[in-house]
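This is what each chain is made of:
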Amino acid sequence: MAMQERVYLTPTPVRIWHWLNALGFVTLIASGVQIRFPDYINIFGTYRAAVSLHHTAGIVVAVSFLLWLFYYAVIAKMLIKLYVPTAEDLKQGAVKQALYYFFYFFTGTRENPHHESPTNKFNPMQKGAYVVIMMVLVPLVIITGLILLNMQPLHNLLVAVGGVRVVAGVHFLLACALTAFIPTHFYLATLGHTPFAHFKPMWTGWEEHEDH
Ligand code: HEM
C-alpha cells in the first residue's frame, strides 16, 4: 500500500531566490528580445523602457544569485554535496536517470531510480544541468551584463576583453542557452509522482513522498 511521508526539502532562502530568479529571468528574456530585435519586437513601449527594465531585472537576478550562493556555501554548507555530480553519477547515474525520463516513465515499468532527501536532493541529470547553469552560465551572464553596464571601474575591462560587440555577443549566446533551459526545466519538473509533486516543495518547502 502507498504511504505518504513528508520531507522538508527546500528551505525558505532557496525558495525566495528561486522565484525572484524565475521572475527576473522571464523579465530579462522579454526585455532582452526587444533590446536585441528593436525593429521587430516592441513589448514595453519604448526602447528605453525595455533597457531600464532589463537593468532592474538584471540587478534582481544578480542579488538573488548572491543569496543562493551565500545560503548554500556559507549557511547550509551543501553547495558541493548537492550540486556537483560524483564520478558515479556521471558514469552510471545519468544514464539510468535518462533511461527513466525517456523510456520507463512512459512505459510505467520502473520506478524513478532517484529518491530525494534533503542531503541528496537532485538526481544525476539534475546535478549535471544545475551545476552548469548555476556555477557557469548564470555567473557568466551576470558578469557580462555588469560589464555591459559600462560603469567606470569596469570600463577598462570592457575594452580589454574586446569591446561592446564581443561582450554583447557572449552575453546574447549565454542568454540563448539559459532561455532554452527554462522549458526543459519546466517539463522535467512535471515528471514527479504527480505533475505538481516537484512544484509544491518550491512553494511550501515540503515534498510528499510516496513510499511503497
Ligand atoms: C521560469 C520558470 C521556472 C519554473 C516554473 C521553475 C520550476 C522549478 C521547480 C518545480 C523546481 C523543483 C524541481 C526540481 O528541482 O527540478 C525547480 C528547482 C530549481 N530551479 Fe527552477 N523554475 C523556473 C526557472 C528557473 C531558472 C530561470 C533557473 C536558473 C537560471 C532555475 C533553476 C533551478 C534550480 C537550480 C533548482 C534547484 C533548487 C534547489 O532546490 O536548490 N529555475 N524549479
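Provided above is the structure to which this section pertains.
Below is a short write-up of the structure.

Along the protein, the regular secondary structure elements total eight helices and two strands. Tracing the protein from N to C terminus, the helices and strands come up as β-α-α-α-α-α-α-α-α-β. C-alpha atoms of the protein, sized along the principal axes, occupy 60 × 35 × 30 Å. Burial analysis of the protein (212 residues in total) assigns 34% to the buried set. Averaged over its 13 positive side-chain charges, the protein has a centre that lies 11 Å from the centre of its 10 negative ones.

With 26 residues, the main nonpolar core has Trp68, Tyr72, Tyr83, Met134 and Val138 as its most contacted residues. Contributions of two or more residues to this core are made by helix 1 (12-36), helix 2 (47-75), helix 3 (79-83), helix 5 (124-148) and helix 7 (164-189). Here Trp68 is in contact with Trp17, Leu79, Tyr83 and Met134, once residues within four sequence places are set aside.

Attention shifts here to a nonpolar patch on the surface. A cluster of nonpolar residues, Val132, Met135, Val136, Leu140 and Ile143, forms a patch on the protein surface that exposes about 370 Å² of accessible area. With respect to the secondary-structure elements, Leu140 resides in helix 5. Residue class for Leu140 comes out partly exposed when judged on its relative accessible area of 40%.

With that settled, the discussion passes to the environment of Ile43. Its location among the elements puts Ile43 in the loop between helix 1 and helix 2. The exposure class assigned to Ile43 is partly exposed, which follows from its relative accessible area of 48%. Remark: the alpha-carbon pair of Ile43 and Met135, spanning 92 residues in sequence, is separated by 31 Å. Among all residues touching Ile43, those that are not within four sequence positions of it are Ala30, Val33 and Gln34.

Definitions and cut-offs
Residues numbered from 1 in each chain as written. Predicted model: local features only at pLDDT ≥ 70, side-chain atom pairs only at ≥ 80, totals over all residues. Heavy atoms only, no water. Helix = DSSP H or I, 4+ residues; strand = E, 2+ residues; numbered from the N terminus. Buried < 20%, exposed > 50% of the residue type's maximum accessible area, 1.4 Å probe, protein only. Lys, Arg positive; Asp, Glu negative; His and termini not counted. Charge placed at Lys NZ, Arg CZ, Asp CG, Glu CD. Core = buried A, V, L, I, M, F, W, Y, C linked by side-chain atoms within 4.5 Å. Contact = heavy atoms within 4.5 Å. Patch = residues over 30% accessible without salt bridge, like charges linked within 9 Å, V, L, I, M, F, W, Y side chains within 5 Å. Areas by Shrake-Rupley, 256 points an atom, 1.4 Å probe, with all protein chains shown as cover. Salt bridge = Lys/Arg side-chain N within 4 Å of Asp/Glu carboxyl O.

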